[in-house]
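Secondary and tertiary structure notes
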Amino acid sequence: MSLVKRTNDNWLPSVFDDMFKTDWLGGTTNVNNIGVSIPAVNIIENDESFELAVAAPGKTKADFNIELDNDVLTISAQESKESEKSEEKGKYTRREFSYNRFKRAFSLPETVNSAKINASYDNGVLNISIPKKEEAKIQAKRLIEIS
């Protein structure tokens, strides 16, 4: 997923993704993604910044890892649960565990101020604010005098 606007010049990767990730019955395959969930992400661009909202209920702030490397913002989380139950008579023990992780990467445009990126987590939503550089913001209309 990229924050860079796509043009018809870079259609090739999406064609390959569609070809290899779609099964013959019209659904998408997840054979390579067992134990991986991909949370929904909303990206809103306004005059001042890009705002990312990642749906990740049931997690805590400590579950997330957010990294910025070479203008690629990577959001990941990993969670493992384990429980053990036994009957009172002790005849059997059942142990259940689950493992869940996700990782999303976003290519950031050159117009963002990567030093001022901040994140917060509230009510199951990870919010990331990516401010734009001053020169990238829409400037107010002004009159230019001719000398």
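The rules we used
- Residues numbered from 1 in each chain as written.
- Predicted model: local features only at pLDDT ≥ 70, side-chain atom pairs only at ≥ 80, totals over all residues.
- Heavy atoms only, no water.
- Core = buried A, V, L, I, M, F, W, Y, C linked by side-chain atoms within 4.5 Å.
- Buried < 20%, exposed > 50% of the residue type's maximum accessible area, 1.4 Å probe, protein only.
- Helix = DSSP H or I, 4+ residues; strand = E, 2+ residues; numbered from the N terminus.
- Contact = heavy atoms within 4.5 Å.
- Phe/Tyr/Trp six-rings, centres within 6.5 Å; stacked < 30°, edge-to-face > 60°.
- Salt bridge = Lys/Arg side-chain N within 4 Å of Asp/Glu carboxyl O.
- Pairing = 2+ DSSP bridges.

The protein is annotated in an unreviewed UniProt entry as Heat shock protein Hsp20 from Leeuwenhoekiella marinoflava DSM 3653.

**Regarding the nonpolar core**
Counting residues in each nonpolar core, the largest one holds 16 residues, and the members touching the most others are Leu 52, Phe 64, Ile 75, Leu 126, Ile 128 and Ile 130. Where this core is concerned, the elements lending two or more residues are strand S2 (49-55), strand S4 (72-86), strand S5 (93-107) and strand S7 (125-131). In this structure Leu 126 touches Leu 52, Ala 53, Val 54, Phe 64, Ile 66, Ile 75, Ala 119, Ser 120 and Tyr 121, once residues within four positions along its chain are discounted.

**Some thoughts on the packing of aromatic side chains**
Summed over all chains, the structure comprises 2 aromatic pairs. Taking 6.4 Å as the distance between ring centres and 65 degrees as the angle between the ring planes, the aromatic pair formed by Phe 64 and Phe 102 counts as edge-to-face. Residue Phe 64 is located in strand S3 (residues 64-69), and its partner Phe 102 is located in strand S5; the two are separated by 38 residues in the primary sequence. Across this residue pair, the class does not change: Phe 64 and Phe 102 are buried. Note on Phe 64 and Tyr 121: the rings are 5.1 Å apart at their centroids and 50 degrees apart in plane angle, and the pair reads as tilted. You can see Phe 64 sitting in strand S3 and its partner Tyr 121 sitting in strand S6 (residues 118-122), a full 57 residues away along the chain. Of the two residues, Phe 64 and Tyr 121, both sit in the buried class. Through pairs of rings, three or more aromatic residues link up here, namely Phe 64, Phe 102 and Tyr 121.

**Examining the pattern of salt bridges**
For the structure shown, the criterion picks out 1 salt bridge. Between Glu 45 and Lys 132 there is a salt bridge whose closest N-O contact spans 2.8 Å. With Glu 45 in strand S1 (residues 41-45) and Lys 132 in the segment after S7, the pair connects residues that are 87 residues apart, well separated along the chain.

**Considering the pairing of S6**
As paired strands, S6 and S7 are joined by 5 bridges and run antiparallel to one another. Bridged to Ser 120 within S7 is Asn 127. In sequence, S6 turns back onto S7 through a hairpin of 2 residues, with Asn 123 there showing a positive phi of about 50 degrees.

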